[in-house]
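# Topology and contacts: notes
Read off the chains here:
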Amino acid sequence: MLSRTAENLFWMARYMERAEATARLLTMGQRMAILPGAHHREEWRSVVRATGALNHFPEGAPVTESDAIAFLMLDIDNPSSIRSCLLKARANAKSARTMLTQDMWEALNEGWRKLDSYDVAEARQQLPALIDWVKTRVMTFRGAAHSGQLRNEGHDFLRAGSALERAQMTLRLLDVKYYVLLPETEVVGGNRDHYQWTSVLYALSGARAFHHVYGGTYTPWQITDFLMLNRLFPRSVAYCYDQLAYRLNRLAGWHDARSACHDTVRQMVADLEQLDSGEIFRAGLHETVQNGLMNTNRLGVEIAQAYHFG
Amino acid sequence: MFEPDGSIRPCYAEVQNWVERTGIAGLNRRMDEAEAIFRRIGITFAVYGEGGDPERLIPFDLLPRIFMAQEWRVLDKGIRQRARALNAFLHDVYHRGEIVKAGIMPADIIYQNSAYLAEMADFTPPGKVYSHIVGIDIVRTGPARFEVLEDNCRTPSGVSYMLENREIMTRMFPELFAQGVVAPVDDYPAELLKSLKEVAPPACRGDPVVVVLTPGSLNSAYYEHSFLADLMGVELVEPADLFVDDDRVWMKTTLGPKAVDVIYRRIDDEYIDPLVFRADSLLGVPGIFNVYRNGGVTLASAPGSGIADDKAVYIYVPDMIRFYLGEQPILDNIQTWQCGKPDECAYVLENLHELVAKEVHGSGGYGMLIGPKSTRDEIAAYADRIRANPGEFIAQPTLDLSTVPTLGPAAVVGRHADFRPYCLVGKQLRLVPGGLTRVALTEGSLVVNSSQGGGVKDTWVLQD
């Protein structure tokens, strides 16, 4: 397959994944902002930081809900805004049009300019409906890909892009919220309660799943275990790494060639297998998460090199 | 749709029944449905420099344009004849120029023409085929009379609409096709692929690798490029995906370089190779023309094919048919005056108010004057342009075009239409029974170009 097409599919999947993740973060922001004492905690700032946009809002000034919605949903200059993600996913899809099924294309094409006409006030007023709309678009797209796309290398590039983006999203969320999960003696700020913990689970659509795995109680160890190490939860870092390894191995099979990215992903999976949540806390949750972000970034670069992305 | 005496033409009887059953209001509602389907699928059309919706829809008219079997038999023969003559002409002008030597065509019309590529001289493309897809724009000028408006020998567009219009019609109105009297057109992509494989270059080993070359996703016809690549099951490449090495053309794939045999290119001649043509072209593949001349790859259409569809050359196509094929033309040209000839120019200037005047090198319905629709000032200004550069203009009578039934807001109305079939040329000729019908949606208008407010409709060829 053309290298450009592979790159298009990889990024198309990443942008769709990112659009959905940003939508869920906005839901988390709204949920946390109505909790007592929310304005001390600067919830909207941490939501913005979880998208990877570090320095958009100057330190000191408060980030309001309107700021966050404008920046994360509508701002065309923010590469992670939902509007940017949907436009870029579609542009990538258009260039790789022949590799998409009709249903996948229709899911991307339907309403692709919808957000052009919204201003912040309107978007804020209709936020739940807009977020539902975004999630439905992404899920329709994903469903079309899962049920109809040929399982050739194109599908592997798409799924690899999706898994990489997802791993990074979970890692970034842990990165900005790690202090919420620190054990009692090391608490920073003293605001831990189970609303804070569950908000992280909600942001990853994992609250119900968590109950099924761990029962009704929350502890920082369990939540960290769930989001980092659980191999059944499809947004956990471990699951995403497994998925990346699986897709990259399939690509190595198609091409009968292995490169640096294959070694890196094998090492990432192996390293994570050595850990349990106790060890993560001993080594430092923050450091473990930073390490994961570094590895996934490196893996992205190595995939691009291995398959001659432009 | 109607005979001169007002009775319904037999081939439209079924459609007439359908219109009556459904009602005009009902049909207009279905029209909105059709538009929603088109937009969702993404069959859109970009018009450069006009702002507004960057991906607009071409209006689709629900009422099909119908050819009876006996009408199609004549068209089929005439179209194939013309496609053969145009390819014979191209081979001739890039070799011995017999038609000039025989005194049938003046040399300057060919050799002074910007569409003539000296770089093609003495080179014979595989199978002697230059124009692999010949699109011929035809109008009906009388009950059993069809005439040719112009030829398109480079990369005629619009065939995706032929296929999608049929797809929409069968999806929305399956009952109309239940009797099986409408000839199918859906094997066009397979026929195109066969034709392209038949012209593989000498360097090709094994099953030819065919690709479609597009300028990119911002091109107005990008939808069509991807659509055809998809239906043929071949790669859709952009110029940056290709490179030249060791007398072959390669595409960059995840497995490394892969040799390409036949390129159905939707990029104009002048942009195809910056080493030979426009050095500032960002769309080109450096060195590709040299590989082509050395038999390492086939370009479809051949560079320089545009000389055959030039409006100054068009006048001589009936002569080409007689000269190369020894046959009488089955389809006539529209009467055309060449302003380059003094006596014809004088006639044109005198009668401009009732003629259609065009630039020889223009396309897409731009830069033309429709005498009866223009003000006195517009006519005077256009006359000045002709006087300043007479060789650049031709004129044709405002045609007494027949109209086709078209859905209006309150009734079925008659609108002018033309018809473009797509004749495929490989080792043999192939022509699917159908084509693109373009319709002028404004009452009385003769301009059917989609860039100027024209629409499209499904075209039916009825089988015996």
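Thresholds, definitions, all that
- Residues numbered from 1 in each chain as written.
- Chains lettered and ligands numbered in written order.
- Predicted model: local features only at pLDDT ≥ 70, side-chain atom pairs only at ≥ 80, totals over all residues.
- Helix = DSSP H or I, 4+ residues; strand = E, 2+ residues; numbered from the N terminus.
- Rg over C-alpha atoms; globule rule 2.2 N^0.38 Å.
- Buried ≥ 20, exposed ≤ 12 C-beta atoms within 10 Å, placed from the backbone.
- Contact = placed C-beta atoms within 7 Å.
- Pairing = 2+ DSSP bridges.
- Domains from an automatic or database assignment.
- Nonpolar A, V, L, I, M, F, W, Y, C, P; charged D, E, K, R; others polar.
- Core = buried A, V, L, I, M, F, W, Y, C linked by C-beta atoms within 7 Å.
- Axes fitted to C-alpha atoms, helices over the stretch in contact; angles between N-to-C directions.
- Parallel < 35°, antiparallel > 145°, perpendicular 65-115°, else oblique.
- pLDDT = per-residue confidence, 0-100.
- Arc of directions from axis to C-beta.

## Things to note about the overall build of chain B
Check the secondary structure of chain B and you find 14 helices and 21 strands. Relative to its length of 464 residues, chain B is compact, with a C-alpha radius of gyration of 22 Å against a globular reference of 23 Å. Expressed as a percentage of the 464 residues in chain B, the buried residues total 44%. Across chain B, the fraction of contacts at a sequence separation of at least 24, relative to all contacts at a separation of at least 6, is 70%.

## A closer look at the sheet that holds strand β14 (residues 369-370) of chain B
Two strands in a sheet stick together by hydrogen bonds in their backbones, pointing the same way (parallel) or opposite ways (antiparallel). Residues and elements named next belong to chain B. What the four strands build is an open sheet, ordered β12-β15-β13-β14; its pairing is antiparallel. What marks the edges here is a single partner per strand, and that holds for β12 (337-338) and β14. Bridge count between strand β13 (residues 355-359) and β14: two bridges; the pairing is antiparallel. Bridging across to β14, V356 finds its partner in I370.

## Focus on the domain arrangement of chain A
Residue and element names in this part refer to chain A. Its domain assignment divides chain A into domain 1 (1-149) and domain 2 (150-310). Centre-to-centre, using C-alpha coordinates, domain 1 lies 20 Å away from domain 2. On the side of domain 2, 27 residues touch domain 1, which itself brings 29 residues to the contact. At the level of elements, α1 (3-33) and α3 (43-50) are the ones that each hand at least two residues to the side of domain 1 that touches domain 2. Sorting elements by how many residues they give to the side of domain 1 that touches domain 2 places α1 first, with 18 residues. Here the side of domain 1 that touches domain 2 is composed, by residue class, of 15 nonpolar, five polar and nine charged.

## Re the nonpolar core
What tends to happen in soluble globular proteins is that the nonpolar side chains get buried as a cluster. One finds M12(A), A19(A) and V211(B) to be the most contacted residues of the largest nonpolar core, which totals 213 residues. In this structure M12(A) touches A89(A), N92(A), A93(A), A96(A) and L158(A), once residues within four positions along its chain are discounted.

## Details of the packing of helix α8 (residues 188-198) of chain B against helix α9 (residues 222-232) of chain B
Residue and element names in this part refer to chain B. As a packed pair, α8 and α9 sit with axes 9 Å apart at the nearest point and diverge in direction by 80°. Between α8 and α9, the crossing angle belongs to the class labelled roughly perpendicular. In this structure, α8 uses P189, L192 and L193 to contact α9, whose residues at the interface are L228, L231 and M232. When grouped by side-chain class, the residues that make up the contact of α8 with α9 number six nonpolar, no polar and no charged.

## Here we look at the pairing of strand β6 (residues 242-245) of chain B
All names here are of chain B. Of the two faces of β6, the one holding L242 and V244 is buried and the one holding F243 and D245 is not buried anywhere. Relative to strand β7 (residues 248-253), β6 runs antiparallel, the two sharing four bridges. Looking at the pairing, D245 lines up with R248 of β7. If you look at the hairpin formed by β6 and β7, you'll find two residues sitting between the two strands, and D246 has a positive phi there, around 55°.

## Concerning α3(A)
Count 3.6 residues to each turn of an α-helix, and residues three or four apart come out pointing the same way. All names here are of chain A. With respect to burial, α3 is a largely interior element, seven of its eight residues being buried. Within the sequence span of α3, burial applies to E43, W44, S46, V47, V48, R49 and A50. At the exit of α3 stands G52, carrying a positive phi of roughly 95°.

## Focus on the confidence of the model for chain B
With 93% of its residues at a pLDDT of at least 70, chain B reaches an overall mean of 89. Of the regions scoring below 50 in pLDDT, residues 47-51 of chain B engages in four contacts with residues more than four places distant in sequence or in other chains.

## What about the interface of chain A and chain B?
Listed per partner, the contact involves 17 residues of chain A and 17 residues of chain B. Of all the elements in the fold, those that place two or more residues in the side of chain A that touches chain B are α1, α5 (82-95) and α6 (102-109) of chain A. In the side of chain A that touches chain B, the residues fall into five nonpolar, six polar and six charged.

## Re helix α12 (residues 317-325) of chain B
All names here are of chain B. Within the sequence span of α12, burial applies to V317, M320 and I321. Take α12 and look down its axis: the buried residues cluster within an arc of 100°, on one side only. Looking at the buried residues of α12, the elements they touch are α3 (69-93), α4 (98-101), β3 (145-152), α11 (311-314) and β11 (332-333). G326, located one to two residues past α12, shows a positive phi value of around 65°.

## Thoughts on the pairing of strand β18 (residues 422-425) of chain B
Residues and elements named next belong to chain B. Of the two faces of β18, the one lined by Y422 and L424 and the one lined by C423 and V425 are each fully buried. The sheet contact formed by strand β2 (residues 133-142) and β18 spans three bridges and is antiparallel. Note on β18: the bridge partner recorded for G135 is Y422. The sheet contact formed by β18 and strand β19 (residues 429-431) spans three bridges and is antiparallel. When the sheet's bridge partners are listed, V425 is paired in β19 with L429.

## Notes on the sheet that holds strand β9 (residues 262-265) of chain B
All names here are of chain B. The strand order across the open sheet formed by four strands is β5-β4-β9-β10, and the pairing between neighbours is parallel. Lying at the two open borders of the sheet, with one neighbouring strand each, are β5 (235-237) and β10 (298-300). Adjacent strand axes in the sheet meet at a mean angle of 30° when their direction is disregarded. With four bridges connecting them, strand β4 (residues 210-213) and β9 associate as parallel partners. When the sheet's bridge partners are listed, V212 is paired in β9 with Y264.

## Overview of the domain arrangement of chain B
Along its sequence, chain B is organised into domain 1 (10-331 + 400-461) and domain 2 (335-397). Look at where the C-alpha atoms of domain 1 of chain B and domain 2 of chain B centre, and you get two points 27 Å apart.

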